[in-house]
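# Structural features, examined
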Amino acid sequence: CLEFSQVPNPLLRAIYDQYSFRVIPEIGKIVSNDRESYQYLVESIRKFPDQLKFERMIREAGFQNVRHENLTHGTVAIHSGFKSC
């Protein structure tokens, strides 16, 4: 699955946080006249578990060969795992 994730680099994380909380909601306001939904989106992304914690959760759900691949410096990650039937 593809999920928004936590940026591991502190400097990039600070820049991305500023962008997320200041720019994304304003884009939502301009594009859809709905700033609040985009603000909620940014806040919910921050509450999602980081990549390693999400991997553990997937393993605990019975998946094997669990891994993730960070994209765009960790702003998103692809998580994969396999579960026997």
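## So, the environment of Ile-24
Inspection of the secondary structure assignment puts Ile-24 in helix 1 (residues 10-32). By relative accessible area, which is 18% here, Ile-24 ends up buried. It is 13 Å that separates the C-alpha atoms of Ile-24 and Ser-44, two residues lying 20 residues apart in sequence.

## Considering the side chain of Thr-75
Tracing the sequence through the fold places Thr-75 in the loop between strand 2 (64-71) and strand 3 (76-82). Using a relative accessible area of 15% as the deciding quantity, one classes Thr-75 as buried. Those residues in contact with Thr-75 that lie beyond four places of it in its chain are Glu-3, Phe-4, Ser-5, Val-7 and Tyr-16.

About the cut-offs
Residues numbered from 1 in each chain as written. Predicted model: local features only at pLDDT ≥ 70, side-chain atom pairs only at ≥ 80, totals over all residues. Heavy atoms only, no water. Helix = DSSP H or I, 4+ residues; strand = E, 2+ residues; numbered from the N terminus. Buried < 20%, exposed > 50% of the residue type's maximum accessible area, 1.4 Å probe, protein only. Contact = heavy atoms within 4.5 Å.

Treat this as a map of the structure, not an account of what it does.
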